[in-house]
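# A closer look at the structure
Listed here are the chains, written in short residue letters.
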Amino acid sequence: MTSRMHAPHTTCPGCQEEVFLDELVGGKCPLCGCSLEEFEESIGEYEGILDRSDLSWLIFNYFVFKKFVDLGVPPSQIMDFISSYEENAEKPREEWTKTEFSLELPMGIPDRIRPKRCAKCNRLFVRGGRKQIIGDMRSTLVHIQYVCNRC
């Protein structure tokens, strides 16, 4: 019953009863037969929006977001990455700017225990630091690196 409450509905202008849009008979109220053409037009507007949406782009964004969230990247960093990718996607590949990316990952217990080498200063460290995933939008390769607190 609760799912029915969220279904699109309106009040019939003729009988003033609540009518669900999926119950209309030929675009008319099933109770009094009053025409609800203005409501059909608004349904058509929503269908036009859905037809114009780029489904492949939405799916791509979903999978990129899901992959990075599963790795532990904060959502705000993922959204910044996706928006920079969108800016570049409109240009030819040779004109892309800001193609490199670096996203922070949380360190798990094995990462905290073992010694790590800083990618910037090449120094060994055990405590602190950050774990990052770096890559380039022009290629599919990504690398995980560690950066010490000094850098």
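Criteria and thresholds
Residues numbered from 1 in each chain as written. Predicted model: local features only at pLDDT ≥ 70, side-chain atom pairs only at ≥ 80, totals over all residues. Heavy atoms only, no water. Helix = DSSP H or I, 4+ residues; strand = E, 2+ residues; numbered from the N terminus. Expected span 1.5 Å × (residues − 1). Buried < 20%, exposed > 50% of the residue type's maximum accessible area, 1.4 Å probe, protein only. Arc of directions from axis to C-beta. Contact = heavy atoms within 4.5 Å. Pairing = 2+ DSSP bridges. Axes fitted to C-alpha atoms, helices over the stretch in contact; angles between N-to-C directions. Disulfide = S-S within 2.5 Å. Lys, Arg positive; Asp, Glu negative; His and termini not counted. Salt bridge = Lys/Arg side-chain N within 4 Å of Asp/Glu carboxyl O. Polar contact = N/O pair within 3.5 Å; in protein donor to acceptor, adjacent residues only side chain to side chain. Core = buried A, V, L, I, M, F, W, Y, C linked by side-chain atoms within 4.5 Å.

## Concerning helix H4 (residues 75-89)
Between its first and last C-alpha, H4 extends 21 Å over 15 residues, near the 21 Å set by a 1.5 Å rise per residue. For H4, the full list of buried residues reads Ile78, Phe81, Ile82, Ser84, Tyr85 and Asn88. For H4, the arc enclosing every buried residue in end-on projection is 165 degrees, short of the 170-degree limit, so these residues lie on one face. Residues of H4 that are exposed and angled more than 90 degrees away from the buried face: Ser76 and Asp80.

## Things to note about helix H3 (residues 55-71)
In a regular helix each residue adds 1.5 Å, so 17 residues correspond to 24 Å; H3 covers 25 Å between its end C-alpha atoms and thus fits that length. What H3 keeps buried is the set Asn61, Val64 and Phe68. Burial along H3 is one-sided: seen end-on, the buried residues are contained in an arc of 70 degrees. Exposed side of H3, more than 90 degrees from the buried face: Leu55, Ser56, Phe63, Lys67 and Asp70 are the residues found there. Looking at the packing, one finds that the buried side of H3 touches H4, strand S3 (100-105) and strand S6 (130-136). Phi turns positive one or two residues past the end of H3, at Gly72, with a value near 105 degrees.

## A look at the pairing of S6
Where S3 and S6 come together, 6 bridges link them in antiparallel fashion. For Glu104, the partnering residue across the bridge sits in S6 and is Gln132. One ladder, built from 6 bridges, connects S6 with strand S7 (residues 142-147); its direction is antiparallel. Directly across from Gln132, in S7, lies its bridge partner Gln145. In this structure, the hairpin formed by S6 and S7 is closed by a connection of 5 residues.

## Some words on the sheet that holds S3
Taken in spatial order, the 3 strands line up as S3-S6-S7 in an open sheet, and their pairing is antiparallel. The open sheet terminates on both sides in strands that have one partner only, identified here as S3 and S7. Geometrically, the sheet is characterised by an average inter-axis angle of 30 degrees between neighbouring strands, direction not taken into account.

## Brief notes about the state of the cysteines
Tallied over the full model, the rule gives 0 disulfides. Lacking any disulfide linkage, Cys118 is separated from the closest cysteine sulfur, that of Cys148, by 3.6 Å. Residue class for Cys118 comes out buried when judged on its relative accessible area of 2%. For Cys148, a relative accessible area of 1% gives the class buried.

## Looking at the side chain of Lys116
Locating Lys116 in the fold gives a position in strand S4 (residues 116-117). Among buried charged residues, Lys116 stands out as having no salt bridge; its nearest opposite-charge side chain is Asp111, 6.9 Å away. Among the polar contacts listed, one links the side chain of Lys116 to the backbone oxygen of Val126, at a separation of 3.0 Å. Residues within four places of Lys116 in sequence aside, it is in contact with Met107, Asp111, Arg123, Leu124, Phe125, Val126, Gly128 and Tyr146.

## Describing the nonpolar core
Ranked by size, the top nonpolar core spans 13 residues in total, and within it Phe68, Val73, Phe81, Phe101, Leu103 and Met137 carry the most contacts. Elements with a minimum of two residues in this core: H3, H4 and S3. Those residues in contact with Val73 that sit more than four places away from it in its chain are Phe68, Ile78, Leu103, Glu104 and Leu105. Judged by nonpolar contacts, the second largest core, of 6 residues, contains Met107, Phe125, Tyr146 and Val147.

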